[in-house]
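Structural overview for review
The lines below spell out each chain.
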Amino acid sequence: MSTYEDFEDDTVTLTFDDDKEVECGIVAIFPAGEREYIALLPLGGEEEENGEVYIYRYSEDADGEPSIDNIEEYEIASDAFDELLDSEELDEILDDDDEE
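Notes on the structure follow. For every chain, the first residue of its written sequence is number 1, and the numbers climb from 1 along that sequence. This being a predicted model, a pLDDT of at least 70 is required before a residue's local features are given, and a value of 80 or more before pairs of side-chain atoms are given or counted; all residues contribute to the totals for chains, interfaces and linings. Only hydrogens and water are set aside; all other atoms, that is, all heavy atoms of the structure, feed into the side-chain values.

**Regarding the nonpolar core**
Quick note on the threshold: Remark: nonpolar core denotes a set of buried residues (Ala, Val, Leu, Ile, Met, Phe, Trp, Tyr, Cys) joined through side-chain atoms within 4.5 Å. Only protein chains enter the accessibility calculation, which uses a 1.4 Å probe. A residue is then buried if its area is under 20% of the maximum for its type, exposed if over 50%, and partly exposed in between. Helix numbering and strand numbering both begin at the N terminus, where a helix is a DSSP run of H or I of at least 4 residues and a strand a DSSP run of E of at least 2. Contacts are assigned to residue pairs that have any heavy atoms within 4.5 Å of one another.
Counting residues in hydrophobic clusters, the biggest one holds twelve residues: Val27, Ala28, Phe30, Ala32, Tyr37, Ala39, Ile55, Ile71, Ala77, Ala80, Phe81 and Leu84. Among the elements of the structure, strand S3 (21–32), strand S4 (35–42) and helix H3 (74–86) are those that each provide at least two residues to this core. Setting aside its immediate chain neighbours within four residues, phenylalanine 81 contacts Val27, Phe30, Ala39, Val53 and Ile55. If you look at the next biggest cluster of nonpolar residues, it comprises ten residues, including Leu14, Cys24, Ile29 and Tyr56.

**Considering the packing of aromatic side chains**
To be explicit about the condition: Pairs were defined over the aromatic rings of Phe, Tyr and Trp, the Trp ring being its six-membered one, requiring ring centres within 6.5 Å. Orientation was assigned from the angle between planes: stacked under 30 degrees, edge-to-face over 60, tilted for the rest.
Evaluated as defined, the whole model comprises three aromatic pairs. With a centroid separation of 5.7 Å and 65° between ring planes, the pair formed by phenylalanine 16 and tyrosine 54 is classed as edge-to-face. In this pair, phenylalanine 16 is assigned in the loop between strand S2 (11–15) and S3 and tyrosine 54 in strand S5 (residues 54–60), connecting sequence segments 38 residues apart. For tyrosine 54, a relative accessible area of 13% translates into the label buried. Judged by centre distance (5.7 Å) and plane angle (40°), the ring pair of phenylalanine 30 and phenylalanine 81 falls under tilted. Here phenylalanine 30, found in strand S3, pairs with phenylalanine 81, found in helix H3; they are 51 residues apart in sequence, far enough to count as distant.

**Considerations on the environment of glutamate 23**
The condition that has to hold: For this analysis, a polar contact is any N or O atom pair within 3.5 Å, provided that within protein one partner can donate a hydrogen and the other can accept it, and provided that sequence-adjacent residues contribute only side-chain to side-chain pairs.
Looking at the element boundaries, glutamate 23 is found in strand S3. Accessibility expressed as a relative area gives 41% for glutamate 23, which makes it partly exposed. Once the C-alpha coordinates of glutamate 23 and proline 42 are considered, the two residues, 19 residues apart in sequence, prove to be 5.9 Å apart. Leaving out residues up to four positions away in the same chain, glutamate 23 has contacts with Thr11, Val12, Thr13, Leu41, Pro42 and Leu43. Within the structure, the side chain of glutamate 23 is placed 3.2 Å from the side chain of threonine 11, a separation counted as a polar contact.

So, in structure tokens, the structure goes:
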């Protein structure tokens, strides 16, 4: 599992159906069931203020190029992300980042 500390300078730009673009920081890449997921935190705007997190299916191709896809199994991914948030490891990472 990779967490915020591994990606703190990395961002992803999402483009929605209405062509709205949102730059997001990578919070974590985590497993749930047979797949991996990525949690993204919008940077700026109302979504960041509300602490809204986007969760997508994450994969890499044979060349190591990342890909994200919409998910239908949101509950599985959301439960796994909630468990990640409950872990001391992520709390420590986020606390360390706040102190800097």
